[in-house]
Amino acid sequence: MARINLQQLKHSYGSTSGGEPDYALKEINAVWEDGGSYALLGPSGCGKTTLLNIVSGLLVPSEGKVIFDDVDVTNMPTSERNIAQVFQFPVVYDTMTVFDNLAFPLRNRGFAESEVIPRVNEIAKMLELEDSLKKRAARLTADGKQKISLGRGLVRKDVSAIMFDEPLTVIDPHLKWKLRSKLKELHQRLGITMIYVTHDQTEALTFAEQVVVMHDGLVVQTGTPVELFEYPKHTFVGNFIGSPGMNILPAENINGEIGFEGCLIKTSSKADLQTLQGKLEIGIRPEFISFVDECSDSNNSSAIPVEIIRVNDLGKFKIVEVKHEQHLIKLISPEQYSIPSLSPRIIFDPDKTRLYADSWVVD
Ligand code: ATP
């Protein structure tokens, strides 16, 4: 296993825009700890596969270094990096039995059968493949085959890391959850460094201890699921994580206080607004907005008058879409709460209201 250190990585596939190289990765600095589980999360085209290929050795970066423990592996081929990879589509030998498929990476490296047999049986048990060990791989369903791929990645004890590139894409939705939980359990039992690429936030947040959110060739935040939810460092993280995502609203400096379309808003930021530059925005999650209670809160000066546009009742709670000026705002309201029909007004929880300048949070 290895600690992976990415230093000032940049990558351009050779294309240019206006004479400047067009970077698929703009600059990545990261340390992924030995034995950790990480998910690279971001929309299509943000650079996840490029980064994965640089770490696994399929691609040499245009600039920067990849260090495994203390060894600079930037120019080393995949075969010398001791990386196991699991791809979107299962890679199995259909004519071999499940046992022989799982044993392949060990036999290929010259391990004795006395080591191969117990290890294959151990991994097969973890993946609930014991009853299929004598079957030909061709007879397994798509998820059974992907379990073999996962098993082939996990079977070696000596790997630096296992990289998963969208491994559950071909799996039926109802089995995805099961396999994801299994992977998490395997990580906890085996303690191998795991890097998991996905564009699906549920997959990333349920699998990984640390989620690396990528946007437009940059890592915009690395954090636990709770950190990404509670304190998005970039408006992209706020909006991408959560369902619905964070509301991002324009803000202005009104004599040293934050305003949103003329309403004064308290935020968690302690910054001196006079020194702030750039485009100001506030971010507030739907979970932290509530309607003003006319009885107890009628004089609340930071209440924002709104028009109710739509109510989606999801059984346990309601997602309410409201409008202030031309801005749509989503809030989550408890199921039993009756939504005010006369002059509704909303308030933001000040401790959960974040201030952003040029898309980056202001502490
Ligand atoms: P997806 O989820 O769709 O796989 P991704 O986040 O993995 O997307 P990458 O595949 O790393 O993103 O692509 C990042 C950028 O690099 C994109 O703009 C893409 O068009 C470009 N790119 C990727 N591979 C190549 C290539 N071989 N040649 C030129 N440009 C490429």
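None of the values given here were measured: they were computed from a predicted structure. By convention here, each chain's residues receive numbers from 1 onward along its written sequence. pLDDT decides what is reported in this predicted model: residues at 70 or higher carry local features, side-chain atom pairs at 80 or more are listed and counted, and totals for whole chains, interfaces and linings draw on all residues regardless. Hydrogens and water are ignored here; the side-chain numbers use all heavy atoms of the structure.

(A) Representation of the domain arrangement of the protein chain in the model. On domain assignment, one finds that the protein chain holds domain 1 (4–239) and domain 2 (246–361). Just so you know, the domain bounds were taken from an automatic or database domain assignment. On a C-alpha basis, the centres of domain 1 and domain 2 stand 39 Å from each other. We call two residues in contact whenever any of their non-hydrogen atoms come within 4.5 Å of each other. Tallying the contact residues gives twelve residues for domain 1 and twelve residues for domain 2. Two parts placed together each lose some accessible area under a 1.4 Å probe, and adding up what both lose gives the buried area. For the pairing of domain 1 and domain 2, the buried interface totals around 1,200 Å² over both sides, and the portion due to carbon and sulfur atoms is 55%. Interface area lost by domain 1 to domain 2 is led by F229, E230 and T235, which between them contribute 43%. Salt bridge, as used here, is a side-chain nitrogen of Lys or Arg placed within 4 Å of a carboxyl oxygen of Asp or Glu. In this assembly, domain 1 and domain 2 are joined by one salt bridge. In this structure, K352 and E230 form a salt bridge, with 2.8 Å as the shortest nitrogen-oxygen distance. Identification of polar contacts relies on pairs of N or O atoms within 3.5 Å, with a donor-acceptor requirement for protein atoms, meaning one able to donate a hydrogen and the other able to accept it, and with residues adjacent in sequence counted only if both atoms are side-chain atoms. Linking domain 1 to domain 2 there are ten residue pairs in polar contact (both at pLDDT 80 or more). When residues of the side of domain 1 that touches domain 2 are traced back to their parent elements, those giving at least two are α7 (225–230) and α8 (235–240). The helix and strand labels rest on DSSP assignments: H or I over at least four residues marks a helix, E over at least two residues marks a strand, and numbering proceeds from the N terminus.

(B) Structural context of the pairing of strand β3 (residues 37–41). For every residue, the accessible area obtained with a 1.4 Å probe (protein chains only) is divided by the maximum for its type, and the residue is called buried under 20%, exposed over 50%, and partly exposed between those limits. Of all five residues in β3, five are buried, a share of seventy percent or more. Alternating positions in β3 separate into two faces, S37, A39 and L41 on one and Y38 and L40 on the other, with burial throughout. The criterion for strand pairing is that DSSP finds at least two bridges linking the strands in question. Bridging between β3 and strand β8 (residues 194–198) involves five bridges; their strand directions are parallel. Residue Y38 lies in a different strand from β8, and its bridge partner there is I195.

(C) Representation of the site of the ligand in the model. In the neighbourhood of the ligand, the contacting residues comprise Y13, A24, P43, S44, G45, C46, G47, K48, T49 and T50. Here an oxygen atom of the ligand sits 3.1 Å away from a polar atom, N or O, in the main chain of C46. Take G47: an N or O atom from its main chain is 3.1 Å from an oxygen atom of the ligand. For the ligand, the protein covers 52% of the area, taking 630 Å² as the surface of the free molecule. Considering every element that reaches the shell around the ligand, the biggest residue donor is helix α1 (residues 48–56), with three residues. Charged means Asp, Glu, Lys or Arg here, nonpolar means Ala, Val, Leu, Ile, Met, Phe, Trp, Tyr, Cys or Pro, and polar covers whatever is left, Gly included. Taken together, the residues of the shell around the ligand sort by class into four nonpolar, five polar and one charged. Proximity criterion: a residue is near a molecule or strand once any of its heavy atoms comes within 4 Å of it. Accessibility throughout is a Shrake-Rupley quantity obtained with a 1.4 Å probe, and a residue counts as covered only by protein chains that appear here.

(D) Inspection of the sheet that holds strand β18 (residues 307–313) at higher detail. A sheet is described by the order of its strands in space; here three strands give the open sequence β18-β19-β20, paired in antiparallel fashion. Each having just a single partner strand, β18 and β20 (327–334) make up the two edges of the open sheet. Between one strand axis and the next, the sheet turns by 25° as a mean value, whatever way the strands run. Direction of pairing for β18 relative to strand β19 (residues 317–324): antiparallel, over a ladder of six bridges. Within β19, the position partnered with E307 by the bridge is K323. What counts as an axis is a line fitted to C-alpha atoms, over the stretch in contact for a helix, and the angles between N-to-C directions run from 0 to 180 degrees.

(E) Up close: the packing of helix α2 (residues 98–108) against helix α3 (residues 113–126). Between α2 and α3, the least distance of the axes is 9 Å, while the angle of their chain directions is 130°. Here α2 lies oblique to α3, going by the angle between them. Here α2 and α3 pass one another in a crossing that is right-handed. Facing F99, L102, A103, L106 and R107 of α2, the residues of α3 in contact are E113, V116, I117, R119, V120, N121 and A124. Should an angle lie under 35 degrees it is considered roughly parallel, over 145 roughly antiparallel, and from 65 to 115 roughly perpendicular; all remaining angles are considered oblique. Left-handed is the label given to a crossing in which the near helix is rotated counterclockwise from the far helix by less than a right angle, and right-handed is the label when the rotation is clockwise.

(F) Inspection of the pattern of salt bridges at higher detail. Scanning the model with the defined rule gives 13 salt bridges in all. The salt bridge partner of E128 is K182, with a shortest N-O separation of 3.3 Å. With E128 in the loop between α3 and α4 (142–154) and K182 in helix α5 (residues 173–190), this residue pair connects regions lying 54 residues apart in the sequence. Ionic pairing is found between E281 and K279, a salt bridge with its closest N-O pair at 3.7 Å.

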